[in-house]
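# Overview (structure and organization)
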Amino acid sequence: MSGATIRTRISELRPHAGDWRPFHPGADLTAGLMVGLVALPLALGFGASSGLGAGAGLVTAIVAGAVAAVFGGSRVQVSGPTGAMTVVLVPIVATHGADGVLVVGLLAGVVLLVLGYAGAGRFIRYVPVPVVEGFTLGIAAIIALQQLPAALGVRPEGEEVLAQAFHAVRDWADHPAWAPLGLAAGVAVGIVLAGRLRPGLPWSLIAVVTATVVNSAAGLGADPIGDIPSGLPAPSVPTVPLADLGGLVLPAVAVAALAALESLLSATVADGMSVGRRHHPDRELIGQGLANVVTPLFGGIPATAAIARTAVNVRSGATSRLASLAHAGVLLVVVLAAARWVGEIPLAALAGVLVATAVQMVRVSSVTTLLRATRGDAAVLAVTAIATVAVDLVTAVLVGLVVAGFFALRQTALAAHLDEVPLEDGVEVDDTTHADEERRLLDQHIVAYRLEGPLFFAAAHDFLLELSEVSDVRVVVLRMSRVSTIDATGASVLADTIGRLRGRGITVLLSGLQPRHERVLRELGVHDRLGADEHAFATTPEAIAHARRHVAREHHAHAAHHA
């Protein structure tokens, strides 16, 4: 790649003055304030769930939120810690510790930068809706299950979310603690109900403040968050033993894949909510990559765009990147001025916030529609959701894509078919009014078939091999003009079919073959099976005329032989 090309690519991906237009400071600052109030309890909760502490969640929301706002590909995207990311981080914390998570975040940032520069952002459009919905449903289930220990007031045991939930319920049954459960349930139910009755207000923050006051005034004794840093820590480079570095590469790739998927999906959702705005997918990957490179230097966890906070930003009237910057500024003010009070928030209250978030993530109407749409859509959604809970998020998406691909291939294969076509002088006619002409062709031992749709590995065998069973025919004309795709397997089966027919003395002619398909057939030896180049014709009438001459020659030769 030339230096000029590299400079052009970098220029495309760097921030521009036009990124800030349209610019309405009043609307953006108001939206940023609202998003900041919504993001505060979520940042604390996701930080605590990750295993690095609530303070790490706040740092992530501030630093990643600001960096991604400036360098990202969407004007209204809001980034920070998310539930999906904490699901991936918990086992990394258990295996490699806090420094391991910070190194994973930094490596993931580098991977995202490479993906963005390479132009990988456009591939998000190929993720099917059932995979996205199944992925979201599985994440919601994991987030809710992760909150059980805090909601029940017991210590989490084990790394697997299902095992943690089981142990939490068992321990609570042995020694019931009603105060944390009451706080978590009250916060979760309050947020969900109030959000439906009066959407638009920061109910999560209101519920958390109320729970904190009740816990303190009534002396319920629910465990608080604990110390929150009263400012951003000094930047430092996280380190791990060199021997452990190799074991962090795959987790970093998983984190990068999740960050790319969630960020680009969030940006697509934001495009749909706003008029005339379209995100730049590669720039979005660059922005998230830079955010994940910088955030670990301040002790923050890996970040990604947050669909819920982005939606609040758009609905609050955000018009430019200033709103996302303002959201980060609001959280920074909280850290600087109110860290002591934030530390008094009960962990059970944050668990309630995240349970409510999990409930609100699931769009019941979308899930119901997909379950009723087709068996394939329902299967993809279910498999992706189950794999998300049982295995991990990246594997779940890959499994969902494979299953979706299987059903897509099956549907495409069913769309391919082979029809015997009635012809008059080589031109297709209505088979109800021109049956006589079709019979005349058959009397001449000529039959024409039209191949329609894709001729590839999932469809080729079903109907091409049937051709080898035709009888009392001297010439078969295969009309190829409506074939949309030919792959190596389809071409191979076609060659085998032609070989079998020629072995029985039947001549095969091709008509209407598209140039791009002809190249494939020539490369794979199909033309060699035809016996002569003149057995491929541009039009069906030419093929039928040749077929008639061929049958006539055979007839004269047969008559001369008997004479």
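Scroll up for the structure.
Residues numbered from 1 in each chain as written. Predicted model: local features only at pLDDT ≥ 70, side-chain atom pairs only at ≥ 80, totals over all residues. Heavy atoms only, no water.

Counting its regular elements, the chain contains 24 helices and nine strands. Expressed as a percentage of the 563 residues in the chain, the buried residues total 49%. Excluding contacts between residues fewer than 6 apart, the proportion of contacts in the chain whose partners are at least 24 apart in sequence is 84%. (Helix = DSSP H or I, 4+ residues; strand = E, 2+ residues; numbered from the N terminus. Buried < 20%, exposed > 50% of the residue type's maximum accessible area, 1.4 Å probe, protein only. Contact = heavy atoms within 4.5 Å.)

To continue, consider the environment of Val520. Tracing the backbone shows Val520 in helix H22 (residues 515-523). Of the residues examined, Val520 reaches a relative accessible area of 25% and is grouped as partly exposed. Sequence separation between Val520 and Ile486 is 34 residues; the distance between their C-alpha atoms is 7.5 Å. In contact with Val520, not counting residues within four places along its chain, are Ile486 and Ala491.

Another aspect to go through is the layout of surface pockets. Here the largest pocket defines a volume of roughly 1,600 Å³. In terms of lining residues, the largest pocket is bounded by 48 residues, among which Ile307, Ala308, Ala311, Gln360 and Met361 are the most central. Breaking the lining of the largest pocket down by element, the ones donating at least two residues are helix H2 (25-50), helix H4 (83-118), helix H5 (129-146), helix H8 (178-197), helix H9 (203-218), helix H11 (249-273), helix H13 (307-315) and helix H15 (347-361). Grouping the amino acids of the lining of the largest pocket by side-chain chemistry returns 32 nonpolar, 10 polar and six charged. (1 Å grid on protein atoms, 1.4 Å probe; cavity = no way out; pocket = protein on both sides within 12 Å on 5 of 7 lines; lining within 4 Å. Points joined across faces, edges and corners; volume = space filled by probe spheres on them. Nonpolar A, V, L, I, M, F, W, Y, C, P; charged D, E, K, R; others polar.)

This part takes up H4. The terminal C-alpha atoms of H4 lie 28 Å apart, and with 36 residues this falls more than 12% below the ideal 52 Å at 1.5 Å per residue. Approximately 125° is the largest bend angle found in H4, and it occurs at His96. Backbone geometry just after H4 places Gly119 at a positive phi near 85°. (Expected span 1.5 Å × (residues − 1). Bend = angle between axes of the 7 residues up to and from the residue.)

What follows concerns the nonpolar core. Ranked by internal contacts, the top residues of the largest apolar core, which has 83 residues, are Leu44, Leu58, Ile228, Val255, Ile345 and Leu393. The element that contributes the greatest number of residues to this core is H4, accounting for 12 residues. If near-sequence neighbours (up to four positions away) are discounted, Ile345 is found in contact with Leu44, Val208, Thr212, Asp223, Pro224, Ile225 and Leu350. (Core = buried A, V, L, I, M, F, W, Y, C linked by side-chain atoms within 4.5 Å.)

In contact at an axis separation of 7 Å, H8 and H15 are set at 35° when each is read in the N-to-C sense. Crossing of H8 against H15: the hand is right-handed. Residue-level contacts link Pro180, Leu183, Ala184, Val187, Ala188, Ile191 and Val192 of H8 to Ala348, Ala349, Gly352, Val353, Val355, Ala356, Val359 and Gln360 of H15. Tallied by class, residues from the contact of H8 with H15 come to 13 nonpolar, two polar and no charged. (Axes fitted to C-alpha atoms, helices over the stretch in contact; angles between N-to-C directions. Left-handed = near helix turned anticlockwise from the far one by under 90°.)

Attention shifts here to the packing of H5 against helix H17 (residues 375-390). The interhelical angle for the contact between H5 and H17, taken along N-to-C directions, is 35°, at an axis separation of 7 Å. Every pair of crossing elements has a handedness; the one defined by H5 and H17 is right-handed. For the pair formed by H5 and H17, the contact residues are Pro130, Val131, Glu133, Gly134, Phe135, Leu137, Gly138, Ile139, Ala141 and Ile142 on the first element and Asp377, Val380, Leu381, Thr384, Ala385, Thr388 and Val389 on the second.

One can find Gln77 in the loop between helix H3 (54-71) and strand S1 (79-80). The exposure class of Gln77 is buried, given its relative accessible area of 5%. Polar side-chain contacts of Gln77 include one of 3.0 Å to the backbone oxygen of Ser263. In this structure, Gln77 is in contact with Ser263, Ser266, Ala267, Glu284, Ala305, Thr310 and Ser324, ignoring residues within four places of it in sequence. (Polar contact = N/O pair within 3.5 Å; in protein donor to acceptor, adjacent residues only side chain to side chain.)

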